[in-house]
Amino acid sequence: MAFDVARIRGLFPALGDGWIHFDGAAGMLVPEQVASAVSTAMRAPVSGPGGAFPASQRAETIVTAARRAVADLAGADPAGVVLGPSASVLLRRLGDALSERWTLGDEVVVSRLDEQANLAPWKRATKRAGAVLRWSEIDIETCELPAWQYENLVSARTKAVAITAASGSVGTRPDVPTIVEFAKRVGALVVVDGTYAAPFVPLDIAEIGADVMVLSAQSWGGPSIGALVFRDPELLERLPSVSLDPGARGPARMELGPHAYPLLAGVVASVDYLAGLDDAATGSRRDRLVTSLGSAKSYHAGLLAQLSTELRSLRHVMVIGDAMRRIPALAFTIADKKAPEVADYLASQGLCAFADDGSSGVFASLGVGEVGGAVRIGLAHYSNVFEINQLIRVLEELR
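Parameters and conventions
Just so you know, the residues in each chain are numbered from 1, in the order the chain's sequence is written. Reporting of local features is limited, given that this is a predicted model, to residues whose pLDDT is at least 70; pairs of side-chain atoms are given and counted only at 80 or more, and all residues count toward the totals for whole chains, interfaces and linings. To obtain the side-chain values, all non-hydrogen atoms of the structure were used and water was disregarded. We call a set of buried Ala, Val, Leu, Ile, Met, Phe, Trp, Tyr and Cys residues a nonpolar core when their side-chain atoms join them within 4.5 Å. Only protein chains enter the accessibility calculation, which uses a 1.4 Å probe; a residue is then buried when its area is under 20% of its type maximum, exposed when over 50%, and partly exposed in between. Contacts were defined at the residue level, with two residues in contact if any of their heavy atoms lie within 4.5 Å. Salt bridge criterion: a side-chain nitrogen from Lys or Arg within 4 Å of a carboxyl oxygen from Asp or Glu. In this description a helix means any DSSP run of H or I spanning at least four residues, a strand means any run of E spanning at least two, and both kinds are numbered starting from the N terminus. In short, DSSP must find at least two bridges between two strands for them to pair. Each axis is a line fitted through C-alpha atoms, taken for helices only over the stretch in contact, and angles between the N-to-C directions span 0 to 180 degrees. Any angle from 65 to 115 degrees is called roughly perpendicular, while one under 35 is roughly parallel, one over 145 is roughly antiparallel, and all others are oblique. Helix crossings fall into two classes, left-handed where the near helix is turned counterclockwise from the far one by less than a right angle and right-handed where it is turned clockwise. The span you would expect from a helix comes to 1.5 Å times its residue count less one. When we speak of the arc, we mean the arc of directions from the helix axis to the C-beta atoms.

Draft legend 1. Expanded view of the nonpolar core. Counting residues in each nonpolar core, the largest one holds 108 residues, and the members touching the most others are Leu215, Phe332 and Ile377. The contact partners of isoleucine 377, leaving out residues within four places of it in the chain, are Phe22, Leu307, Pro328, Ala329, Leu330, Phe332, Ala353 and Leu391.

Have a look at this one:
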C-alpha cells in the first residue's frame, strides 16, 4: 500500500489558504483534477441528450460515464445509478415514490445515529402515508448502534429500514449487514446512506445487502451531485416515475429535469481521484478503488488513533463515544466551555471545525446540549500528523 499524504496534499490548490481543515464531514476540498474537469466541460458545447449532433452526444457520454463511475465506487450496475442535484433531494424522491404504496399503520425504521439528511425524507414520507416511524437507539457510552435491537424493531408492517453506513458526527460504523439480515426476514426495503463512509471505506452494495445506497460526491471532494444506487435495476421499473418524460426507463424514471453536465464530468474525475489515492493501485477502476480506499482506511485508522489518544490525555477534554468500527470523525466537549466558544477559538488559531449545540440529531440523543454542545472533527484525505499536533497544542492552551 502506498498512501502518500504529501503527494495527495499537492492535488488540492485550496490548501494554499493556510488553514487547517478539520471540516471534512461537511465535504472535502476539491482536488485540481475535479475543478479542471468541470471547467473543461463548461467550455465545451453540450446540449440536451437525444440529438444526432456532437453536442447532444457529448451530453449522453457524460451521463453514461458518471453512472459508470458511481457504479464502480459502489460495486454496482450502472443501469441502477440515479443521478441528481443532492443526496437529500434524491432521498426525498425515493421516500415520496415508496410512500405512494404505504397504508395507515405501515412502519419505517430509522436510527438515532443518522444525520438529518437521511431522516427528514422518511419523516415526511411516513407522515404523508399515515405510517409509523420507529427508532433504533444509540449506546450513549460508546456511540455504538447495537444491531440486536432490530430483531424487535422490524415487523410484518415494516416497509423500509434506513441506516447510515457511518456517522459523520461521531464516526461510528454500525453493523449494517446484520441489520440488513433482520430487515430481509420481513421483506423490508433497506436504504443505506453511504455518504460519510464512501471517502474512507471500500463499499460493495451486494456485500452489504442494501437494496438502495445513497451517495454524495461532495463528501469525497466531488461536485454537489448525489446518487441513488439500486442493487437490482429492475426495482426502478416498479417504482412510480417522477420523470417529466412519460416514456422514461431505468434511472431516468427517478431523474427530474436536465442534468448539470459539467458537474457530472466532475463526478467522474472525483471517482478517478479516489481510485488514485494509492499510487501503486492497478487494474480496473473498481480494483483501484478497492485498493486505494483500503489504503485510505489504514492511513486514517492510524491518524484517528493518535488523535483520539492525545485528546483523551487532556484532562479538560472529553471525547464522545468510542465505537470499535469507525471512520476518521469524532466529537468532543471541553469542561466549562460551550462548543461555539471553542470553535471560535480554534478559528482564531487557523483551524476549521464545526460546533453543534446539541439541540437536534445525534448529539441531542446523547444529551450533549446539557454540557454546551460538541465540537466536531472530520479528517480528510489530506489530513496529516502535523495538523493533529497543532490541534492538540491549541486545545492544551484552552484551559
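That shown, we press on.
Draft legend 2. Structural view of the pattern of salt bridges. A full pass over the atoms with the stated rule returns 20 salt bridges. A salt bridge links arginine 285 to aspartate 72; its shortest N-O distance comes to 2.8 Å. With a gap of 213 residues between them, arginine 285 in helix α11 (residues 285-312) and aspartate 72 in helix α3 (residues 54-74) connect regions that are remote in the sequence. We classify arginine 285 as buried; its relative accessible area is 16%.

Draft legend 3. Quick peek at the sheet that holds strand β10 (residues 329-334). If you walk across this open sheet you meet the four strands as β9-β10-β13-β12, and the pairing is antiparallel. The strands lining the two open edges of the sheet, one partner per strand, are β9 (317-319) and β12 (354-356). Direction aside, neighbouring strands of the sheet carry axes that sit 35° apart on average. Where β9 and β10 come together, three bridges link them in antiparallel fashion. The residue of β10 that forms the bridge with valine 319 is phenylalanine 332. Its contacts with the sheet place helix α12 (residues 339-348) against β10, β12 and β13 (374-378), and it is angled at close to 45° to β13.

Draft legend 4. Spatial organisation of the packing of α3 against α11. As a packed pair, α3 and α11 sit with axes 8 Å apart at the nearest point and diverge in direction by 45°. Relative to α11, α3 is oriented oblique. Between α3 and α11 lies a crossing of right-handed hand. For the pair α3 and α11, contact is made by Ala65, Arg68, Ala69, Asp72, Leu73 and Ala74 and by Arg285, Arg286, Leu289 and Leu293, respectively.

Draft legend 5. Inspection of α3 at higher detail. Along its 21 residues, α3 runs 30 Å from first to last C-alpha, staying within 8% of the 30 Å computed at 1.5 Å per residue. Listed in full, the buried residues belonging to α3 are Ala55, Ser56, Ala59, Ile62, Val63, Ala66, Arg67, Ala69, Val70, Ala71, Leu73 and Ala74. Buried-residue contacts for α3 involve β2 (81-84), α8 (205-208), β7 (212-216), β8 (226-230), α10 (261-275) and α11. Phi turns positive, to about 65°, at glycine 75, one or two residues after α3.

Draft legend 6. A look at the pairing of strand β3 (residues 107-111). Burial of β3 is extensive: five of the five residues sit out of reach of the surface. Every second residue of β3 is oriented toward a common face, with Glu107, Val109 and Ser111 on one face and Val108 and Val110 on the other, all of them buried. With three bridges connecting them, β3 and strand β5 (residues 158-164) associate as parallel partners. By the bridge assignment, valine 109 is partnered in β5 with valine 161.

Draft legend 7. Molecular detail of the sheet that holds β8. Pairing in this open sheet of seven strands is mixed, and the strands run β2-β8-β7-β6-β5-β3-β4 from one edge to the other. In the strand order of this sheet, the two ends are held by β2 and β4 (132-136), each with one partner. Put simply, the sheet's adjacent strands are angled 20° from each other on average, direction ignored. Pairing of β5 with strand β6 (residues 189-193), which is carried by five bridges, proceeds in the parallel orientation. Paired with alanine 160 across the bridge in β6 is leucine 189. The strands that α3 touches are β2, β7 and β8; relative to β2, the one it contacts most, it runs at about 115°.

Draft legend 8. View of unusual backbone geometry. In the Ramachandran plot, cysteine 143 falls in the positive-phi region, its phi being about 65° despite a non-glycine side chain. Residue classification places cysteine 143 among the buried residues on the basis of a relative accessible area of 1%. Of note, the phi angle at aspartate 336 is positive, near 65°, even though the residue is not glycine. Using a relative accessible area of 83% as the deciding quantity, one classes aspartate 336 as exposed.

Draft legend 9. Quick peek at the pairing of β7. Counting buried residues along β7, five of its five residues qualify, which places the element largely inside the surrounding structure. Side chains of β7 alternate between two faces, with Val212, Val214 and Ser216 and Met213 and Leu215 buried alike. As paired strands, β7 and β8 are joined by five bridges and run antiparallel to one another. When the sheet's bridge partners are listed, leucine 215 is paired in β8 with alanine 227.

Draft legend 10. Structural context of helix α2 (residues 32-43). Relative to the 16 Å expected for twelve residues at 1.5 Å per residue, α2 spans 17 Å between its end C-alpha atoms, a close match to the ideal helical length. Val34, Ala37, Val38 and Ala41 are the residues of α2 that are buried. The arc that holds the buried residues of α2, viewed along the axis, is 95°, so those residues lie on one side. For α2, the secondary structure elements touched by its buried residues are α10.

Interpretation note: all reported values are geometric properties and have no functional meaning in isolation.
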